[in-house]
Amino acid sequence: MKMLDIEQLTKYFNRGTPSEVVALDHVSLAMEEKEFLVIIGSNGSGKTTLLNLIAGNHFADAGSLSIQNIDVTSQPDYARSKWIARVFQDPLKGTAPDLSILENFRLASLRTKSKSLRTGINQLFRKRVQELVSVLNLGLENKLDTLVGKLSGGQRQALTLLMATMDQPKLLLLDEPTAALDPRSSAVVMELANRIITVQQLTAILVTHNLKQALDYGSRLIMMDSGQIKRDFQQIEKSTLQLADMQQWFYESAAV
Ligand SMILES: Nc1ncnc2c1ncn2[C@@H]1O[C@H](COP(=O)(O)OP(=O)(O)OP(=O)(O)O)[C@@H](O)[C@H]1O
Ligand SMILES: [Mg+2]
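Re the overall build of the protein chain
Next up, step 1: Within the protein chain one finds 9 helices and 10 strands.
Next up, step 2: In terms of C-alpha radius of gyration, the protein chain reaches 19 Å, essentially the compact-globule figure of 18 Å for 256 residues.
Next up, step 3: If you line up the protein chain on its principal axes, its C-alpha atoms span 55 × 40 × 40 Å.
Next up, step 4: Counting the 256 residues in the protein chain, one finds 37% classified as buried.
Next up, step 5: Contacts in the protein chain between residues at least 24 apart in sequence constitute 69% of all its contacts with a sequence separation of at least 6.

Set out below in structure tokens:
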């Protein structure tokens with residue numbers, strides 16, 4: 001069974017006005033279960049729009065979108081949130097700064113209705129979060145009552161990833177999750193993401209402008225340009241790609 005089946009998906013912004021844009025132009029994309037797809041492409045090529053349509057934050061003007069053979073084209077985001085976990089570029093988006101680490105996990109568990117964490121903030125819950133957070137090796141397991149606003153961007157992104165994946169989502173969407181992080185934090189968060197995706201056997205989509213990441217991670221690579229998928233490489237082909245080739249594609253693409 002396909003995890004994701006997108007057919008001829010089209011999305012306009014400001015349709016019928018002088019500022020009309022075709023953000024997605026008849027995009028078709030099928031993803032198998034456990035596939036880890038990396039998307040690259042110039043600014044404005046439609047990457048985030050594609051994720052927004054998959055998550056149900058925006059609706060398509062034409063085309064269809066199915067998740068595990070269920071047509072969700074017109075389903076709102078909240079109806080899909082039980083399947084889809086998302087991490088954004090901005091570390092501030094994924095966590096609540098005025099709440100402690102523990103309280104953030106509590107909120108996340110309510111959102112995803114995590115069976116393992118459904119209880120209140122009792123000792124069991126604290127122990128479970130401690131275990132989860134200790135895999136980060138950032139020492140945060142001893143700081144569960146610290147306000148998340150006091151943590152670094154890298155620490156926050158790492159926590160966001162843990163919270164997003166603690167209830168085994170069907171689909172994990174990562175939109176430039178390390179773009180705001182320094183190189184070391186970026187490597188830590190990317191390694192964590194890769195480990196979670198591998199261990200939990202998740203189907204995942206990573207959007208990145210970091211071409212080294214695009215080479216190193218994932219089982220498939222696509223390049224978007226002007227709202228279309230212009231290149232599509234499966235694992236074997238992907239593994240032969242060179243950084244210089246990929247850089248060259250950006251100079252050949254139409255978007256400025
Ligand atoms: N809410 C919106 N209203 C109007 N236009 C939008 C909106 N969201 C996106 N667009 C336009 O749609 C096109 C695709 O944008 P999108 O954000 O999907 O690009 P992207 O590939 O994610 O770019 P980036 O690499 O900069 O994140 C762009 O021309 C953008 O200006
Ligand atoms: Mg984007």
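On we go from here.
Looking at the packing of helix α5 (residues 153-165) against helix α6 (residues 183-199)
Next up, step 1: The interhelical angle for the contact between α5 and α6, taken along N-to-C directions, is 10 degrees, at an axis separation of 9 Å. On the basis of their axis angle, the class for α5 and α6 is roughly parallel. For the pair formed by α5 and α6, the contact residues are G153, G154, Q157, A158, L161 and T165 on the first element and S185, V188, V189, L192, A193 and I196 on the second.
Next up, step 2: A class-by-class count of the residues in the contact of α5 with α6 yields 7 nonpolar, 5 polar and no charged.

Quick look at the environment of G16
Next up, step 1: When you line up the elements, G16 lands in the loop between β1 (2-13) and β2 (21-32).
Next up, step 2: G16 sits in the exposed class, given 6 other C-beta atoms within 10 Å.
Next up, step 3: Note: C-alpha distance between G16 and G139 (123 residues apart in sequence) is 54 Å.

As for the sheet that holds strand β5 (residues 70-71)
Next up, step 1: Pairing within the open sheet is antiparallel, and its 4 strands lie in the order β2-β1-β4-β5. One side of each edge strand has no neighbouring strand; the edge strands of this open sheet are β2 and β5.
Next up, step 2: Relative to β5, strand β4 (residues 62-67) runs antiparallel, the two sharing 2 bridges. In the strand pairing of β5, I67 is matched with I70.
Next up, step 3: Those strands touched by helix α1 (residues 47-55) are β1, β2 and β4, and its axis lies near 65 degrees from that of β2.

A look at the site of ligand 1
Next up, step 1: The environment of ligand 1 is made up of F13, N14, V21, A23, G41, N43, G44, S45, G46, K47, T48 and T49.
Next up, step 2: At the level of elements, β2 and α1 are the ones that each hand at least two residues to the shell around ligand 1.
Next up, step 3: Among the elements that take part in the shell around ligand 1, α1 stands out by supplying 3 residues, more than any other.
Next up, step 4: In the shell around ligand 1, the residues fall into 3 nonpolar, 8 polar and 1 charged.

Some remarks on the sheet that holds strand β6 (residues 84-87)
Next up, step 1: Across the sheet, which stays open at both edges, the 6 strands sit in the order β6-β7-β8-β3-β9-β10 with mixed pairing between neighbours. A single partner strand is all that each edge strand has here, and the edge strands are β6 and β10 (228-234). Across the sheet, the mean angle from the axis of one strand to that of its neighbour is 15 degrees, orientation sign disregarded.
Next up, step 2: Along the sheet face, α5 touches β6 and β7 (171-175) and points at about 175 degrees away from the line of β6.

A word on the environment of Q248
Next up, step 1: Checked against the element boundaries, Q248 lands in helix α9 (residues 243-252).
Next up, step 2: Through-space distance from the C-alpha of Q248 to that of K47 is 19 Å; in sequence the pair is 201 residues apart.

With respect to the nonpolar core
Next up, step 1: If you look at the biggest cluster of nonpolar residues, it comprises 61 residues, and the most contacted ones within it are L172, L174 and I205.
Next up, step 2: Contacts of L174, omitting those with residues within four sequence positions, involve V87, A193, A204, I205, L206 and V207.

Cut-offs applied
- Residues numbered from 1 in each chain as written.
- Chains lettered and ligands numbered in written order.
- Predicted model: local features only at pLDDT ≥ 70, side-chain atom pairs only at ≥ 80, totals over all residues.
- Helix = DSSP H or I, 4+ residues; strand = E, 2+ residues; numbered from the N terminus.
- Rg over C-alpha atoms; globule rule 2.2 N^0.38 Å.
- Buried ≥ 20, exposed ≤ 12 C-beta atoms within 10 Å, placed from the backbone.
- Contact = placed C-beta atoms within 7 Å.
- Axes fitted to C-alpha atoms, helices over the stretch in contact; angles between N-to-C directions.
- Parallel < 35°, antiparallel > 145°, perpendicular 65-115°, else oblique.
- Nonpolar A, V, L, I, M, F, W, Y, C, P; charged D, E, K, R; others polar.
- Pairing = 2+ DSSP bridges.
- Near = placed C-beta within 6 Å.
- Core = buried A, V, L, I, M, F, W, Y, C linked by C-beta atoms within 7 Å.

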